[in-house]
Amino acid sequence: MEKLMADLKAQIIQQLNLKHLKPEDIGDDQPLFVEGLGLDSIDALELIVLLQQEYNIKLANAEDGPKVFQSVRTMAEYITANKPA
Amino acid sequence: MTHSVNIATDPLSSGEGRGEVFITGYSIISNGGVEKDGHLVWKEPSAQHTDNFLVSAYRQMGLSYPKFFKMDNLSKLGLLASENLLSGTDLKGKYKPDEISVVFANASSSLDADQKYFDTIKDIASPALFVYTLPNIVIGEICIKNGFKGENAFFVFDKFEAKFLHQYVQTLMQQNTNKACIFGWLELIGDSYEAALFLLEKEAADKTNPFTLENIYKLYS
């Protein structure tokens, strides 16, 4: 899980062009949206693309988005639970 | 799209008699250099690709606006040129948000971003790139950053059509709602870029440069 979260932080920075941040600037449980990293709706779409590109996971239910993308940890948990065999 | 204006007879081409609109500042970014009001602010020490130059200029100008890194290069160039233009000014203190307009033109529209977006379609289309596939997005970015809510327009020409733009902006500035305007040329495609932005104001302490076609050519040619 720790390795996956570290990878995710680097991938989020790359995918979302957050070049002012380093992976260690993103907390495991820090909210990704609003008061946390300040991501917006376009970033949410990019996170969906990231899941698909890097982990071959399609977000089956869009309503799950807010819960899945709450933090790096929740993303990692979703990936672990849904990664194709 | 071409336009022809006779400078000698066009009443809008001369500031004389009107005198209420002045060029109060200008900002030029080209060939690795950043200039403000004719003075070199910063010059990159060695030639860089556009991506690197824009980030270097951002850091050199001491800006702190994380959204910059998410923008396409045209928006980055526009933001840098406008920040350079507005440094040391107090537009927000002098004018209401809807009294400040923005008018730009270029030759390549948003083609730089269009091509990058097109490249992603082969795999998974990037939403973050897609939102920059219009040239006027850069105006939105500048307006969001500064809180401007006035008129805006983005024209696409083969070259800097100073006559048309001068006439358009002069007409715009005759409307009572417009008291200041950022206008100019904002061209970027690949590693070729050039920004020349002018700040126009009705209320100007320095009336050295009336907003005339001649002065546009004098300051940027």
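Just so you know, these numbers come straight off a predicted model, no measurement behind them.

**Some points on the overall build of chain B**
Looking only at helices and strands, chain B features eight helices and seven strands. Dimensions of chain B, computed from the C-alpha atoms along their principal axes, are close to 60 × 35 × 35 Å. In chain B, which comprises 221 residues, the proportion classed as buried is 41%. Once local pairs closer than 6 in sequence are excluded, the contacts in chain B between residues at least 24 apart make up 70%.

**Re the environment of B:I124**
Within the fold, B:I124 resides in the loop between α4 (111-121) and α5 (127-130). Judged by the 12 C-beta atoms lying within 10 Å of it, B:I124 is exposed.

**Description of the nonpolar core**
Membership of the largest hydrophobic core comes to 58 residues, with the highest contact counts inside it found for B:L77, B:C181, B:F183, B:A195 and B:L200. Of all hydrophobic cores here, the second largest spans 16 residues; its members include A:L51, A:F69, A:M75 and A:A76.

**Some words on helix α1 (residues 2-15) of chain A**
Residues and elements named next belong to chain A. Between the first and last C-alpha of α1 there are 20 Å, a value that for 14 residues agrees with the 20 Å anticipated at 1.5 Å per step. Taken together, the buried positions of α1 are occupied by M5, L8, K9 and I12. Looking straight down α1, one finds its buried side chains confined to an arc of 100 degrees; they lie on one side. Relative to its buried face, α1 has exposed residues pointing more than 90 degrees away, namely K3, A10 and Q14. Among the residues trailing α1, N17 stands out with phi positive, at a value near 55 degrees.

**Thoughts on the environment of B:L134**
Turning to its location among the elements, B:L134 is positioned in the loop between α5 and α6 (137-146). Given 16 C-beta atoms within a 10 Å radius, B:L134 is considered partly exposed.

**Observations regarding the sheet that holds strand β7 (residues 192-201) of chain B**
Residues and elements named next belong to chain B. Within the open sheet, the seven strands sit side by side as β3-β2-β1-β7-β6-β4-β5. Their pairing is mixed. Of all strands in the sheet, those with a lone pairing partner are β3 (39-43) and β5 (152-156), marking the two edges. Shown here is a sheet whose adjacent strand axes are inclined to one another by a mean of 15 degrees, direction ignored. Pairing analysis gives six bridges linking strand β4 (residues 100-106) to strand β6 (residues 180-189), with the strands arranged parallel. From the neighbouring strand, I100 faces β6, where its bridge partner is A180. Its contacts with the sheet put helix α7 (residues 162-173) on β4, β6 and β7, and the angle it makes with β4 is roughly 170 degrees.

**What about the environment of B:E44?**
Residues and elements named next belong to chain B. Turning to its location among the elements, E44 is positioned in the loop between β3 and α1 (50-60). When the 15 C-beta atoms within 10 Å are taken as the criterion, E44 is described as partly exposed. Considering only alpha carbons, one finds E44 and T177, 133 residues apart in sequence, at a separation of 40 Å. With residues up to four places along the chain from it excluded, the contact list for E44 reads G32, F53 and S56.

Quick notes on the rules
Residues numbered from 1 in each chain as written. Chains lettered and ligands numbered in written order. Predicted model: local features only at pLDDT ≥ 70, side-chain atom pairs only at ≥ 80, totals over all residues. Helix = DSSP H or I, 4+ residues; strand = E, 2+ residues; numbered from the N terminus. Buried ≥ 20, exposed ≤ 12 C-beta atoms within 10 Å, placed from the backbone. Contact = placed C-beta atoms within 7 Å. Core = buried A, V, L, I, M, F, W, Y, C linked by C-beta atoms within 7 Å. Expected span 1.5 Å × (residues − 1). Arc of directions from axis to C-beta. Pairing = 2+ DSSP bridges. Axes fitted to C-alpha atoms, helices over the stretch in contact; angles between N-to-C directions.

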